[in-house]
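Examination of the molecular architecture
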2 protein chains.
Amino acid sequence: MAKEITPQGQDYSQWYNDLVLKAGLAEHSAVKGCMVIKPYGYAIWEKMKEILDKKFKETGHVNAAFPLFIPKNFLSKEAAHVDGFAKECAVVTHYRLKNDPNGGGIVVDPEAKLEEELIVRPTSETIIWSTYKNWINSYRDLPLLINQWANVVRWEMRTRLFLRTTEFFWQEGHTAHETAQEAQVETQKMLDIYASFMYDYMAVPVIKGVKSAGERFAGAVDTYTLEGLMQDGKALQMGTSHFLGQNFAKAFEVKFKNKKNNDEYVWATSWGVSTRLMGALIMSHSDDEGLVLPPRLAPLQVVIIPICTTEQQLYNIKSHLSEFIDFCNNENITYKIDSDLKSSAGWKFAEYEMKGVPIRLALGGRDMDNGTIEIVRRDTREKKTIPFVALNNYVKKLLIEIQENLLYRATLRRDDGTHDVASWQEFTDILENKGGFIRAFWDGTQETEDKVKELTKATIRCIPLDQEEEVGIDPLSGKPANIKVLYAKAY
Amino acid sequence: MAKEITPQGQDYSQWYNDLVLKAGLAEHSAVKGCMVIKPYGYAIWEKMKEILDKKFKETGHVNAAFPLFIPKNFLSKEAAHVDGFAKECAVVTHYRLKNDPNGGGIVVDPEAKLEEELIVRPTSETIIWSTYKNWINSYRDLPLLINQWANVVRWEMRTRLFLRTTEFFWQEGHTAHETAQEAQVETQKMLDIYASFMYDYMAVPVIKGVKSAGERFAGAVDTYTLEGLMQDGKALQMGTSHFLGQNFAKAFEVKFKNKKNNDEYVWATSWGVSTRLMGALIMSHSDDEGLVLPPRLAPLQVVIIPICTTEQQLYNIKSHLSEFIDFCNNENITYKIDSDLKSSAGWKFAEYEMKGVPIRLALGGRDMDNGTIEIVRRDTREKKTIPFVALNNYVKKLLIEIQENLLYRATLRRDDGTHDVASWQEFTDILENKGGFIRAFWDGTQETEDKVKELTKATIRCIPLDQEEEVGIDPLSGKPANIKVLYAKAY
């Protein structure tokens, strides 16, 4: 089975697609651009959701549900927003089908035309702020800290599983505050929550930064972003947190009485991560044998393959393992004994490598006689035979070690893949031959940003936070500059 | 605040609507027929989801996600299904908006018309079975036990919050099996899982039964149902589990190689419960003061109201409570101390009654001096003053007692509201004057079923399972009959 995926070195993009299919994560559906998330892929996404949801709730956020549909006119209310989102979207124009009177099957009933078309939400700022208008009267109603887990639709011409699909799944937080400062603190707080999730669970060392005006969310004052560097040297935007100022409050007339009893417009943030994270996870750690999962997100952490051919042998092996199984249950380590006697051990090894199970144990009659067990870690594929009595602690420590190693490896790769450049020649050389992040001074103009994109297809991924004060020269324009940015080609 | 809801006796329907709004559960949105589920309502739905999801997983089911959209032609593939679901649905016809060249804002781009219209899923049998076709080849791929938590859309002309909305939230299980018998066992198993959830968590004593042909799910061979009796004597269908036979397998050509290596069509089930359960919960237990929640589904089980006016007093009260708080944390009892000094205790009492918090404690300086605390249970509104030292155990036991009492009360009401009738005169008398379930013999004909509906608006809610063998007379047709059914007017 493992043989069936294209090697990374041959065609990274094909490797990715093969892996997503062969590991049973997702597939294309009968509806153009929409994916089916298969049970194994969905189990990983569920773990992500559970962890993020807990972090949101611990910081005072609550969940709610807003409508799937948005009246067309809502999209036009915020001037920048409409340009960003009113373009490629699914439009509901009718609410009934009927039997074709001419016998042509079922057809849209022309009499059931909506007075105003409905848009399937591409994002929910407009419908939510039209609702907040009724919920917010006084400073006592603030802050309002609400999140929703939802499906959204953006009509995409070129789709890739998890990375860019017409329908995708995400969470979108939408908060309302008394002051600009409080909203800015919220924007940063959510950025930090995302970053810690990406480091600690996904083992992806993201860069925190702010977007240039050209890459900002349509309707935001500031867009903060988390940028990951994938194995092929391309960047992936993994999450964003927007300070929306009073833009949506003004568009939907959402005012509150402040403590001095004066009317003020409310300050807003929104922030989201999506099933795109699945793509980031895959392209940060996996290899030619398949998926590699960090133990903290693996639905199955340890798989045990009995090496035997009869039910009696299987029974003996299971008995031998009973204490280890108790240990796993107590330590919340997820495990599975693959008892299928019809498939070969070799087939199973390849299968669980493809699925990225962090630890594989193999145990047969000879191991039991010798008091040993074979253990293979998925990240390095290193194989060891250890004393059976040492198994419990070994597994527990190894899960931690794999988690750390994945982050370490990804951090090395990110750092090796980040290049400071001073000249335009260097810029294009590195972009063409090495890829990765290019760190360079930027003169701050839209003109330079556009020109770089036009010449190289690289974009400003972000202006990293916490920069030292420095001055230098923009490599393209030759103008003086005092901020450094990260350029990259991106997904 | 509590004064603002219409009494049940005056107008039950208005009472329901008032309660949903005033308790902060849900409201109508700017999109006709679609609701916003507010944070408090969503917290209850999340608890329901969590418990059900656990039960599904414990019985071997896994989650996945299938597309929101369904190609129009899919709906026509199963003959009965198309009649049931192709009528009132949201139809996506275009995928782009543009600026009106005549300056009329944004308009649908006529050039972005879909070749084939997409339907927003009203239920997912068709898209899922078109997918299963590729997943199922051999008996080794079976059973396939998949669930999805999703939003669905059915265009409704007359909507009511939670009970009937254009968009609603649900889970839909879709399973595939080798044999008819195995699929039938699955259908029953899921019915039992729903029933135990409704009894043990919702405290709603549902009746398990099978639907008559006239009330069957469009495309099912048999539809099993759980029917609850609401406080106003109307029935509510709370969940269904369908044995689909080979109907969808045949419509989508889903065959598998059986153990003898012959091709066979797969056997199917589907089953679902929705946000309608919120309506059932409300209309089973609540009263004129607001919501009444069973402790096992209450997001907040105990609210503590400090009776004081200064920060110092508040501090003393909190110190006094510290051991009780530890107790709650250890016992997973959810609690809140309402420390707001600006609102009066009376206002708070009404507020938490409206929200259905099962236990309310009030504690002031005098109570502390006396070594007592005031405790009020929401179900009976009984108030007691108990020794403070007895508090921990009292609260723990009372939560169990309230849960049991709600089920007991609802069971009494259901039994009192179930009437055996022998004559048509009795039938119409009881339906008109008492409502509730009418248990009567049915001659088994569609004709009688239709006639009863036409004359009284009552429908056959179900043929209850586990009937004793009996013969009698159908009260309307006067024909001999050997099954008893439950009739009722229904939501």
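Remember, it's a predicted structure, so these values are computed and weren't measured experimentally. (Residues numbered from 1 in each chain as written. Chains lettered and ligands numbered in written order. Predicted model: local features only at pLDDT ≥ 70, side-chain atom pairs only at ≥ 80, totals over all residues.)

A separate point is the overall build of chain A. A tally of helices and strands in chain A yields 14 helices and 27 strands. Overall size of chain A, expressed as C-alpha extent along the three principal axes, is 80 × 70 × 55 Å. Of the contacts formed within chain A by residues at least 6 apart in sequence, a portion of 68% connects residues at least 24 apart. (Helix = DSSP H or I, 4+ residues; strand = E, 2+ residues; numbered from the N terminus. Contact = placed C-beta atoms within 7 Å.)

Residues and elements named next belong to chain B. Taken in spatial order, the five strands make up an open sheet running E17-E16-E18-E19-E20, and their pairing is mixed. Bordering the open sheet on either side are strand E17 (335-337) and strand E20 (383-387), each of which pairs with just one other strand. For this sheet, the mean inter-axis angle between neighbouring strands, taken without regard to orientation, is 25 degrees. Looking at chain direction, strand E16 (residues 302-307) and E17 are connected through three bridges and run parallel. Directly across from Ile304, in E17, lies its bridge partner Ile337. The sheet strands contacting helix H9 (residues 311-331) are E16, E17 and strand E18 (359-364), and the helix crosses E16 at an angle near 160 degrees. Strands E16 and E18 of the sheet are contacted by helix H10 (residues 345-354), whose axis makes an angle of about 170 degrees with E16. (Pairing = 2+ DSSP bridges. Axes fitted to C-alpha atoms, helices over the stretch in contact; angles between N-to-C directions.)

Here the focus is the interface of chain A and chain B. At the interface, 51 residues of chain A touch 51 residues of chain B. The residue makeup of the side of chain A that touches chain B, split by class, is 34 nonpolar, nine polar and eight charged. (Nonpolar A, V, L, I, M, F, W, Y, C, P; charged D, E, K, R; others polar.)

For chain A, per-residue confidence averages 96 on the pLDDT scale, and 99% of positions sit at 70 or higher. Predicted as a complex, the structure gets a pTM of 0.97 and an ipTM equal to 0.96. (pLDDT = per-residue confidence, 0-100.)

Split into domains, chain A comes out as domain 1 (2-285), domain 2 (300-411) and domain 3 (418-488). Measuring from the centre of the C-alpha atoms in domain 2 of chain A to the corresponding centre in domain 3 of chain A gives 47 Å. (Domains from an automatic or database assignment.)

On to the environment of Lys434 of chain B, then. Residues and elements named next belong to chain B. Its place among the elements puts Lys434 in the loop between helix H13 (424-433) and strand E22 (437-442). Once the C-alpha coordinates of Lys434 and Gly417 are considered, the two residues, 17 residues apart in sequence, prove to be 7.7 Å apart. Apart from the residues within four sequence positions on either side, Lys434 is in contact with Gly233 and His419.

If you look at the biggest cluster of nonpolar residues, it comprises 287 residues, and the most contacted ones within it are Cys89, Met202 and Ile438 of chain A together with Cys89 and Met202 of chain B. Residues in contact with Cys89 of chain B, not counting those within four places in the same chain, are Leu97 of chain A together with Ile119, Val120, Pro122, Val153, Arg154 and Trp155 of chain B. (Core = buried A, V, L, I, M, F, W, Y, C linked by C-beta atoms within 7 Å. Buried ≥ 20, exposed ≤ 12 C-beta atoms within 10 Å, placed from the backbone.)

Of the transformation placing chain A onto chain B, the axial shift is 0.0 Å and the rotation is 180 degrees, giving an RMSD of 0.0 Å. Read as a symmetry element, the transformation amounts to a two-fold axis. Relative to the rotation axis, the closest C-alpha in chain A is found at Val92 of chain A, a distance of 2.1 Å. (Least-squares fit on C-alpha atoms with pLDDT ≥ 70 in both.)

As a further point, take the sheet that holds strand E13 (residues 235-245) of chain A. All names here are of chain A. Spatially, 11 strands are ordered E3-E9-E10-E16-E13-E12-E11-E24-E27-E23-E22 in an open sheet, and the strand pairing comes out mixed. Because the sheet does not close on itself, it has two edges, and the strands there are strand E3 (62-63) and strand E22 (418-420). Inspection of the sheet shows strand E11 (residues 207-210) paired to strand E12 (residues 222-229) by four bridges, in the antiparallel sense. Note that in E12 the partner of Ile207 across the bridge is Glu227. Seen against the sheet, helix H8 (residues 276-285) touches E12, E13 and strand E16 (267-274) and runs at an angle of roughly 145 degrees to E13.

The next subject is unusual backbone geometry. That bond from Leu142 of chain A to Pro143 of chain A is cis: its omega, -5 degrees, falls within 30 degrees of zero. Positive phi is not limited to glycine here, since Ala203 of chain B has a value of about 60 degrees.

Alignment of strand E5 (residues 88-94) of chain A against strand E5 (residues 91-99) of chain B, held across four bridges, turns out to be antiparallel. Of the residues in E5 of chain B, the one forming a bridge with His94 of chain A is Val91 of chain B. The pairing of E5 of chain B with strand E7 (residues 113-120) of chain B spans three bridges and is classified as antiparallel. Within E7 of chain B, the residue paired with His94 of chain B across the bridge is Lys113 of chain B. Inspection of the sheet shows E5 of chain B paired to strand E6 (residues 106-108) of chain B by three bridges, in the antiparallel sense. Considered in E6 of chain B, the bridge of Asn99 of chain B is made with Ile106 of chain B.

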